[in-house]
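# Understanding the architecture of this molecule
One letter stands for each residue in the lines below.
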Amino acid sequence: MSVRLVITDLMWARIEPLMPADPVRGRRWADHRRTLEAIAWKYRTCSPWRDLPAELGSFRTAHKRLIRWAVDGTWERILTAVLTAADAGDELGWTVSVDSTVCRAHQHAAGARKKGIPDRAEPDDHALGRSRGGLSTKVHLASDGQARPLVFHVTAGQAGDAPAFEAVMARIRLPQSTVGRPRTRPETVLADRAYSSRAIRRHLRRRGIRAVIPQPADQVRHHLRQCSAGGRPPGFDAETYKQRIAVERCINRLKQWRGLAMRTDKLAIAYQAALHFAAILIWIRQ
């Protein structure tokens, strides 16, 4: 059986220095590259862990590595290091688009226990929601202008977009390559009408971030009814707003991974770790 690999030698040369070092005591880590290929195969094909091809090693090794590095923050640290390098090389644009997408959850994603998982790592509802359409998870994300993901935040599928906005923005934190504070403020934030609220506009204005968010029709009518008492309507740059297509393209790129388009993980931290891993490969593939 021939297994299609996704991590080239050039990609591995970029990611290998960021991988965790072998422990001082005890057994050495299994081959990191083969483990990453195993994780990539599972989420590209949306296959059960037990169906992992023998060429990619033990499924237990890959699954345990995914969870362990999700709990200790390794996946986020690697993605942050990749983004920091891109920012230092002026490859990262700071016009950021924010949006969300609903991913159906397989029936096997339900029924998780919290045994052995720190409370701070796993949400109580496991980021699973139930609606008329069944189980689902919502992925809130921000992308740069070239359809590359920056940060993720997962919630239950029925959760609203606006309440998760500040949580997404709080995750944007890139250390500087030189001395200085981490960069946490984009220059411009693009978002659709679901994010048009006074709280969000006030949050961006307080941080000195330009907001390009259209108003829903009911908010426009409300301003017109109040005339001058309604205050000045927020500005909107229709030409800049066209760049919001980047986040839609980013979502499409992520959902090419079938294991991300349909969640099969019982734990939200495992699903979010897979999102981070896919984002890492998207960035280092450039």
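In this text the structure is predicted, and so the values were computed from the model without any measurement.

Quick look at helix α4 (residues 74-88) now. In a regular helix each residue adds 1.5 Å, so 15 residues correspond to 21 Å; α4 covers 21 Å between its end C-alpha atoms and thus fits that length. At its buried positions, α4 is contacted by α1 (9-15), α2 (32-45), α3 (59-71), β4 (149-156) and α11 (268-284). Looking at the residues trailing α4, positive phi occurs at Asp90, about 55 degrees.

What follows is about the packing of α2 against α11. To characterise two packed helices, one gives the angle between the axes of the helices and the distance between these axes. Remark: α2 packs on α11, axes separated minimally by 11 Å, with the N-to-C direction vectors making an angle of 105 degrees. In terms of orientation, α2 lies roughly perpendicular with respect to α11. Across the interface between the two elements, Leu36, Ile39, Ala40 and Tyr43 from α2 touch Ala270, Ala274 and Phe277 from α11. Of the residues in the contact of α2 with α11, the class split is 7 nonpolar, no polar and no charged.

Per the stated rule, a full pass over the model turns up 6 aromatic pairs. Between Tyr43 and Trp49, the ring centres sit 6.2 Å apart and the planes meet at 85 degrees, which makes this aromatic pair edge-to-face. Here the two residues Tyr43 and Trp49 agree in accessibility, since each one is buried. Ring geometry for Trp69 versus Trp75: centroids 5.4 Å apart, planes at 70 degrees, classification edge-to-face.

Definitions and limits used
Residues numbered from 1 in each chain as written. Predicted model: local features only at pLDDT ≥ 70, side-chain atom pairs only at ≥ 80, totals over all residues. Heavy atoms only, no water. Helix = DSSP H or I, 4+ residues; strand = E, 2+ residues; numbered from the N terminus. Expected span 1.5 Å × (residues − 1). Contact = heavy atoms within 4.5 Å. Axes fitted to C-alpha atoms, helices over the stretch in contact; angles between N-to-C directions. Parallel < 35°, antiparallel > 145°, perpendicular 65-115°, else oblique. Nonpolar A, V, L, I, M, F, W, Y, C, P; charged D, E, K, R; others polar. Phe/Tyr/Trp six-rings, centres within 6.5 Å; stacked < 30°, edge-to-face > 60°. Buried < 20%, exposed > 50% of the residue type's maximum accessible area, 1.4 Å probe, protein only.

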